[in-house]
Amino acid sequence: MVYLHQLRSDMIKVSEDAKKKIAGLMSEEGYDAAVDYVRVGVKSGGCSGLSYELKFDKSLQEEDKLFEDNDIKLIVDKRSFLYLIGTVLEYSGGLNGKGFVFNNPNAQRTCGCGESFSL
């Protein structure tokens, strides 16, 4: 059974800039930010050992944890959640912007691109 977790300081948060970009991208790709989800995950790989994954999804899996912050519904698989506790998803656009940025307090080391990390 999937439960909507109340946001506390240990949950994943979404900045205002990330919210705007996510909503726009979801609309472009045929998703609706009011009802569909952003799946956030961690996988092995990247120059620091672990890398982040972001994709849109229309359905929940039984082991997913569901959160909502800033009107964005986030789903995280059980394993990835342990790596993402307290993370803030941000978006940095513009000429020198990096795109989506994960500000993860659990990361001991990150790479220059900000897309991978290690604990």
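Bear in mind that the values here come from a model prediction, so they are computed numbers and not experimental data. (Residues numbered from 1 in each chain as written. Predicted model: local features only at pLDDT ≥ 70, side-chain atom pairs only at ≥ 80, totals over all residues. Heavy atoms only, no water.)

### Regarding the overall build of the protein
- Tallying secondary structure elements over the protein gives two helices and 10 strands in all.
- Reading the secondary structure of the protein in the N-to-C direction produces β-β-α-β-β-β-β-α-β-β-β-β.
- Within the span of the protein, comprising 119 residues, buried residues form 37% of the whole.
- Counting only contacts in the protein whose residues sit at least 6 apart along the sequence, the fraction spanning at least 24 positions is 54%.
- Within the structure as shown, the protein displays about 6,800 Å² of accessible surface, and the carbon and sulfur contribution to it stands at 48%. (Helix = DSSP H or I, 4+ residues; strand = E, 2+ residues; numbered from the N terminus. Buried < 20%, exposed > 50% of the residue type's maximum accessible area, 1.4 Å probe, protein only. Contact = heavy atoms within 4.5 Å. Areas by Shrake-Rupley, 256 points an atom, 1.4 Å probe, with all protein chains shown as cover.)

### Here's the deal with the side chain of lysine 73
- Within the secondary structure, lysine 73 sits in strand E6 (residues 72-77).
- Despite its burial, lysine 73 pairs with no opposite charge, the nearest such side chain being glutamate 68 at 4.1 Å.
- One polar contact links the side chain of lysine 73 to the main-chain carbonyl oxygen of alanine 34, over a distance of 2.8 Å.
- Aside from chain neighbours lying at most four places away, what touches lysine 73 is Ala33, Ala34, Val35, Asp36, Tyr37, Val38, Leu66, Phe67 and Glu68. (Lys, Arg positive; Asp, Glu negative; His and termini not counted. Salt bridge = Lys/Arg side-chain N within 4 Å of Asp/Glu carboxyl O. Polar contact = N/O pair within 3.5 Å; in protein donor to acceptor, adjacent residues only side chain to side chain.)

### A few points about helix H1 (residues 16-28)
- The end-to-end C-alpha separation of H1 is 19 Å, in line with the 18 Å expected for 13 residues at 1.5 Å each.
- Contact partners of the buried residues in H1: strand E2 (13-14), strand E3 (37-44), strand E4 (50-57), E6, strand E7 (88-92) and strand E8 (99-103).
- Glycine 30 sits one or two positions beyond H1 and adopts a positive phi of about 85 degrees. (Expected span 1.5 Å × (residues − 1).)

### Things to note about the sheet that holds E8
- Spatial strand order, E2-E7-E8: three strands in an open sheet with mixed pairing. The open sheet has two edge strands, E2 and E8, and neither has a second partner.
- Across two bridges, the pairing between E2 and E7 is parallel. When the sheet's bridge partners are listed, valine 14 is paired in E7 with leucine 89. (Pairing = 2+ DSSP bridges.)

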